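Fold and contact review
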Amino acid sequence: MKKTIFFAAVASFFLFTVGLSAQSKYLIKEAKKTAKQLEKDGYQTRGGHKSIEAYLVSYYMLEEENELLQGRSGGVRNNDKVAQSLAKQNALREYVQMNTSYFKGKGAELEGTLGGETINDITNAAVSKFGGFVDGKVSVSFVLFKTEADGTTSAIAYCYVSKKSADEARKEAMQDAIEDVDMVKTHQDKVNEILND
């Protein structure tokens, strides 16, 4: 019995290692291909000690526990910090927009209990609140810069946010939006009541 358990454990470890190795090989291949294209397009690290490929491999490895985001900026004159900040803001904006369908789906679930206009209010409020909640949770892994022909700087910010934090932010944003709409509706009902008396 002990031998069977031992061999099962060894076999499981071997299969896990082979699976991990295959995934690592795929990530390295993907990073190499992407890095080659980025370098061809003129992107480079500034002040970093690793190659673009090494940064990308590290970044792709974050995907198991994080949601990966990318943002771009362009047309920035002589200021890498501004280019980086704008690229991060773009990543956040794209991420919030990508999550809008989640809030629309949640709103559709509530449609039987609330009116259509109220659902739109909840969805819009939830999207806005989600952007605020997740803003401080987005981290920058690394940034690539490119000097354009006109002398301006373009940047790509490779960002990530913890899946757990993002999920909590989605739930909190939806709950807050529902509570806000309920408060407004209660307030409107009271105002209408006073006006009708």
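Here the structure is a predicted model, which means the values were calculated and not measured. (Residues numbered from 1 in each chain as written. Predicted model: local features only at pLDDT ≥ 70, side-chain atom pairs only at ≥ 80, totals over all residues. Heavy atoms only, no water.)

1. Considerations on the pairing of strand β2 (residues 139-147)
- Of the pairings in the sheet, the one linking β2 to strand β3 (residues 152-162) comprises eight bridges and is antiparallel in character. Following the sheet pairing, Thr-147 is matched in β3 by Thr-153.
- Two successive antiparallel strands, β2 and β3, enclose a turn made up of four residues, where Gly-151 displays a positive phi of approximately 90 degrees. (Pairing = 2+ DSSP bridges. Helix = DSSP H or I, 4+ residues; strand = E, 2+ residues; numbered from the N terminus.)

2. What about the sheet that holds β3?
- In space, the three strands of this open sheet follow the order β1-β3-β2, with antiparallel pairing throughout. Strands with a single pairing partner mark the edges of an open sheet, and in this sheet they are β1 (66-77) and β2. With direction set aside, neighbouring strand axes in the sheet form an average angle of 15 degrees.
- As paired elements, β1 and β3 share 10 bridges and run antiparallel to each other. By the bridge assignment, Asn-66 is partnered in β3 with Ser-162.
- Helix-sheet contacts for helix α2 (residues 52-61) involve β1, β2 and β3, and the interaxial angle to β2 is about 150 degrees. (Axes fitted to C-alpha atoms, helices over the stretch in contact; angles between N-to-C directions. Contact = heavy atoms within 4.5 Å.)

3. A word on the pattern of salt bridges
- Following the criterion strictly, the structure yields four salt bridges and no others.
- Ionic pairing is found between Asp-167 and Lys-171, a salt bridge with its closest N-O pair at 3.3 Å. With Asp-167 and Lys-171 both in helix α5 (residues 163-196) and four residues apart, the pair spans about one turn of that helix.
- On the basis of relative accessible area, Lys-171 is assigned to the exposed category, the value being 51%. (Salt bridge = Lys/Arg side-chain N within 4 Å of Asp/Glu carboxyl O. Buried < 20%, exposed > 50% of the residue type's maximum accessible area, 1.4 Å probe, protein only.)

4. Remarks on the nonpolar core
- With 27 residues, the main nonpolar core has Leu-69, Tyr-95, Phe-103, Phe-130, Val-134 and Val-161 as its most contacted residues.
- Residue assignment for this core shows that the elements contributing at least two residues are β1, α3 (80-110), α4 (116-135), β2, β3 and α5.
- If you tally residues by element for this core, the top one is α3, at seven residues.
- Residues contacting Phe-130, with those up to four places away along its chain left out, are Tyr-95, Val-96, Asn-99, Phe-103, Ala-166, Ala-169, Arg-170 and Ala-173.
- Judged by nonpolar contacts, the second largest core, of 15 residues, contains Tyr-60, Phe-142, Ile-156 and Tyr-158. (Core = buried A, V, L, I, M, F, W, Y, C linked by side-chain atoms within 4.5 Å.)

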